Every structure is written in C-alpha cells, then in structure tokens.
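A closer look at the structure
Spelled out, the chains give:
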Amino acid sequence: MRALVISGGGSKGAFAGGVAQFLMEGLNYDYDLFLGTSTGSLLIPHLALNKIEKIRKVYTSVDQDSIFSNCPFTIQKKHGVANIGINHWNVFKNFYKGRKTFGESKNLLKLIKRSFTPEEFEELKNGSKEIIVTVSNLSLNQVEYKSINDFEYDEFCEWIWISCNYTPFMSLVRKHGCEYADGGLGSMVPIEEAINRGATHVDAVILHTEVTHLNRMPSKNAFSLLTNMFAFMLDRIERQNIRIGKLVAGHMDATINFYYTPTILTTNSLIFDEEKMNNWWRSGFDYARSKNVDLSPIEPE
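Here we summarise the structure given alongside this text. This one's a predicted model, so the numbers in the text were calculated from it and none came from an experiment. (Residues numbered from 1 in each chain as written. Predicted model: local features only at pLDDT ≥ 70, side-chain atom pairs only at ≥ 80, totals over all residues. Heavy atoms only, no water.)

**A word on the packing of helix 2 (residues 39-48) against helix 8 (residues 153-164)**
Two quantities define a packed helix pair, namely the angle between the axes and the distance from one axis to the other. Note the following rule: Here an angle of 0 to 180 degrees is reported between the N-to-C directions of two axes, which are lines fitted to C-alpha atoms, with helices fitted over the stretch in contact. Put simply, DSSP marks the helices as runs of H or I at least four residues long and the strands as runs of E at least two long, and each gets a number from the N terminus on. In this description, contact between two residues means that some pair of their heavy atoms is separated by no more than 4.5 Å.
The N-to-C vectors of helix 2 and helix 8 enclose an angle of 145°; their axes lie 7 Å apart at closest approach. Contacts from T39, S41, L42 and P45 of helix 2 reach helix 8 at I160, S163 and C164.

Laid out in structure tokens, this is it:
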C-alpha cells in the first residue's frame, strides 16, 4: 500500500504540489492513502481526484483576502523583503467581538467549498482511496486524524479548514464541545499514522530543508516574535515526527522516500505571493524529477 504524506507549511505547499505532480504523472504512482497536515490537507483531495492542474491554478493564485475574513497583520516590503506588521484596528475589532484569536480565516472555508465540490467529495468517498487530514484537539490535548470515509461533505470541508487554522492568527474552532486548531501543532508530518493504517511505502513531502540553514533576524514586533516562536516549535515537532516515522517504518518493514525543499523558500509562510508560488510549484516538480533521473521526465503544463 502506497501513501502520499504532505507536511504543513503555508504558502510553501506549492512546492509540495509540484513534487506530487511529478510522482503521479512522471512516475505514474497510484496512491491508496493521502494524508495531509495544514496546507497539505488543502492539496490531497484534489491530488486524489488527479485534478492536478485545477489545484495548481487555485493554489498558486490565493492571496491574503482569499484566506482571511479579518486579517490581523499587514505586509510591508522593504528592499524586496516582505515583513509582517500588526494591523491594530483589525486585531482590536476581533477582540471587541469577543474572539479568542487575532484574526479570522472564514474566507478560507468558503474557498475550500468553492474549489472542492460535493460531487467531487462523493466521487472520493465512493472510491478506493482514503483521504485523511490532521487536526489538533486543544481541549483533549491530542492529535486527531479525520478520514473522508467518516463524514459528510460540509463537515469534512470544516476539518480541512480546521487543519489549516494557524492559531492565534487564524480562527479557533469549537466543535463537538472541543476547541480545534492547526494539525501542525501536534503532527506536522503524519508518517506514523500512514504506516499504522497499512502503508508499506510512504512518499513524504517535507516543506523544510533537511539541514537548518537559517539564522533568523531579530523580531521587529509582537507578531514577528510569535511567528518566529511558532516556526521554532513547529520545526521541532516536524523533526520529531520524522524520527518517529523512521522508527515505526523500520519496525513495520515499510519504506519512506523523503522530499525536502532543497533551499529555503520563505521565512514567512503566511505571505502568499502568486509569482513565487508558481515558481515553487515548478521547483518542486524539477526537484522530484532530479531525484528520479533514471525515469523519462515529463514537463508540467
């Protein structure tokens, strides 16, 4: 049984889309399991449908307005470098309304439902492939894996959305009496879950360099500090997931093929830039091809 696992990573998910395109179209890999965390959960339903060109166009064209119904930060470009600043008015509005987070991401849920239709959902649910998204249950202090087989359309779309909610900048969702947030807070790379569900070969796309090359600049404001702190914690979680995945794979006699980003794509994955994401998609495709040079390459459309 073959599984495709895509880690969290915000806008860097475009790289994962390119990798997946080569694996599925260049190598003709047919996956039984698709598992995603955060940005990975946005990609996997469309990849399972083999609608790669569709998700490429949707994914690489998103911007802040596509995601945030109330964006808590501003993007300031200086000397070609984008930095996050605090949108004090939007943050104040969110707190005044009694919200627990700095911003709201309800536009993302609308985008998910526009791009992933009920008909596509039924096609997947009635098919042989299993699609699983990762969420963090903050109330019960545990990671949960939500399979498409266990839900109807509206609820599964909500789980995809919840998996992407990078709190405290995005929505905190209360569901079934519990508070849920981004799956990456507990499991950035759900390799272990893929193997526990029967995968004997895992292709894992890690939206991070294999070796740390980054020395972060000093924080400029509270949001900059928070994003740096979360980036540090998520990096530790990701590396722990990978170590555990390797141990489980060795015990279960499964194999894992890792696809890391060869270079640092961005220092802030909350910034969505169409030109850069298109380049990252192509970069992911080319990188996957370079790792499989013995096979005849194809060109992405």
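After presenting the structure, the write-up continues.
**A look at the packing of helix 1 (residues 13-26) against helix 2**
Quick note on the threshold: Here is the rule for angles: anything less than 35 degrees is roughly parallel, anything more than 145 is roughly antiparallel, 65 through 115 is roughly perpendicular, and the remaining ranges are oblique. Crossing handedness is defined as follows: a turn of the near helix away from the far one that is anticlockwise and smaller than a right angle gives a left-handed crossing, while the clockwise case is right-handed. Residue polarity follows a fixed list, in which Ala, Val, Leu, Ile, Met, Phe, Trp, Tyr, Cys and Pro are nonpolar, Asp, Glu, Lys and Arg are charged, and the others, Gly among them, are polar.
Interhelical geometry of helix 1 versus helix 2 gives an angle of 30° and a closest axis separation of 10 Å. As far as their axial angle goes, helix 2 and helix 1 are roughly parallel. In this structure, the crossing between helix 1 and helix 2 has a hand that is right-handed. Contacts between helix 1 and helix 2 involve G13, A16, G17, A20 and M24 from the first element and T39, L43 and L47 from the second. Here the residues of the contact of helix 1 with helix 2 are counted per class, giving 5 nonpolar, 3 polar and no charged.

**Details of helix 6 (residues 106-115)**
For clarity, the threshold we go by: The classification of residues rests on relative accessible area computed with a 1.4 Å probe and restricted to protein chains. Under 20% of the type maximum is buried, over 50% is exposed, and intermediate values are partly exposed. It is the directions from the helix axis to the C-beta atoms whose arc is reported.
Restricting attention to buried positions, one finds in helix 6 the residues L108, L109, L111, I112 and S115. One face of helix 6 carries all of its buried residues, which in axial projection span an arc of 160°. More than 90 degrees from the buried face of helix 6, the exposed residues found are K110 and R114. Considering only its buried residues, helix 6 is in contact with helix 2, helix 3 (52-59), helix 4 (64-67), helix 7 (118-125) and helix 8.

**What to know about a positive patch on the surface**
Our working rule: Residues qualify for a patch when their relative accessible area is over 30% and they have no salt bridge, like charges being joined within 9 Å and the nonpolar side chains of Val, Leu, Ile, Met, Phe, Trp and Tyr within 5 Å. Surface exposure here means Shrake-Rupley accessible area, sampled with a 1.4 Å probe, where a residue is shielded only by the protein chains that are shown. Here, a salt bridge means any side-chain nitrogen of Lys or Arg that lies within 4 Å of a carboxyl oxygen of Asp or Glu. Under the counting rule used here, the positive set is Lys and Arg, the negative set is Asp and Glu, and His together with the chain ends is not counted. To locate a charge, the coordinates of NZ of Lys, CZ of Arg, CG of Asp or CD of Glu are taken.
Side chains of K97, K106, K110 and R114 sit close together on the surface and give a patch of like positive charge. Examined against the element boundaries, K97 turns out to sit in the loop between helix 5 (88-96) and helix 6.

**Some points on the pattern of salt bridges**
When the charged atoms of two side chains with opposite charge come close together, those side chains can pair. Tallied over the full model, the rule gives 18 salt bridges. Between D154 and K113 there is a salt bridge, with the nearest N and O atoms lying 3.3 Å from each other. Note that D154 is positioned in helix 8 and K113 in helix 6, a separation of 41 residues in sequence. By relative accessible area, K113 is classed as partly exposed at 31%. Here R289 and D286 are joined by a salt bridge, their closest N and O atoms 2.9 Å apart. Within this pair, R289 and its partner D286 are both found in helix 11 (residues 274-290), separated by 3 residues, close to a single helical turn. The structure contains a network of salt bridges with shared partners spanning K51, K54 and E120.

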